[in-house]
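# A structural walkthrough
Take a look at the letters that make up each chain.
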Amino acid sequence: MDVFMMIRRQKLTLFVDAKESSTVSELKKIIEGITKVPWNNIRLIVDSTKQPMDDDNQTLADCGLSGSVAKAYSPALLYLCYRKAGSDNEWEPIDVAELSTPPPLPEVFNKTDDDKKDNPQIAS
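The protein chain appears in an unreviewed UniProt entry as Ubiquitin-like domain-containing protein from Adineta ricciae.

Okay, structure coming up:
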């Protein structure tokens, strides 16, 4: 079954899907193809548990990511961290920029049902 994931780091947001039987290293290689950062310098952290996915041989299902939990309309959130330069065991902290809020709707979209009944020019 497919697992859908939203992977975030700073202002970067990736939407990725993979099989439950895919390994963590396979997922990291997919991310490497997009970000051009070597897969062994990538760390993924599951948002719901805050646990790093450090065992590259684990499957996504072993990490708690299944198709029943991570659906296309509600993907699992993972954080992407890179290895600090010149270090083997130090990773950058989780750093995710806030998502922007959409602008307010124009007044024409804020009409209530009563307003529509009173004005025949507004189509339902």
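### Here we look at the nonpolar core
One finds Met 5, Ile 7, Leu 27, Met 53 and Leu 65 to be the most contacted residues of the largest nonpolar core, which totals 22 residues. Elements with a minimum of two residues in this core: strand E1 (2–9), strand E2 (12–19), helix H1 (24–35), strand E3 (42–46) and strand E4 (76–82). Here the element with the most residues in this core is E4; it accounts for 4 residues. In this view, Ile 7 contacts Leu 12, Thr 13, Leu 14, Val 16, Leu 27, Ile 31, Leu 44, Leu 78 and Leu 80; residues no more than four positions away in its chain are not counted.

### Focus: the sheet that holds E3
An order of E2-E1-E4-E3 is seen for the 4 strands of this open sheet, with the pairing classed as mixed. Each end of this open sheet is capped by a strand with a single partner; those strands are E2 and E3. Between one strand axis and the next, the sheet turns by 35° as a mean value, whatever way the strands run. Here 5 bridges tie E3 to E4, and the two strands are oriented antiparallel to one another. Paired with Val 46 across the bridge in E4 is Leu 78. Sitting on the sheet, H1 is in contact with E1, E2, E3 and E4, with an inclination near 120° to E3.

The rules behind each value
- Residues numbered from 1 in each chain as written.
- Predicted model: local features only at pLDDT ≥ 70, side-chain atom pairs only at ≥ 80, totals over all residues.
- Heavy atoms only, no water.
- Core = buried A, V, L, I, M, F, W, Y, C linked by side-chain atoms within 4.5 Å.
- Buried < 20%, exposed > 50% of the residue type's maximum accessible area, 1.4 Å probe, protein only.
- Helix = DSSP H or I, 4+ residues; strand = E, 2+ residues; numbered from the N terminus.
- Contact = heavy atoms within 4.5 Å.
- Pairing = 2+ DSSP bridges.
- Axes fitted to C-alpha atoms, helices over the stretch in contact; angles between N-to-C directions.

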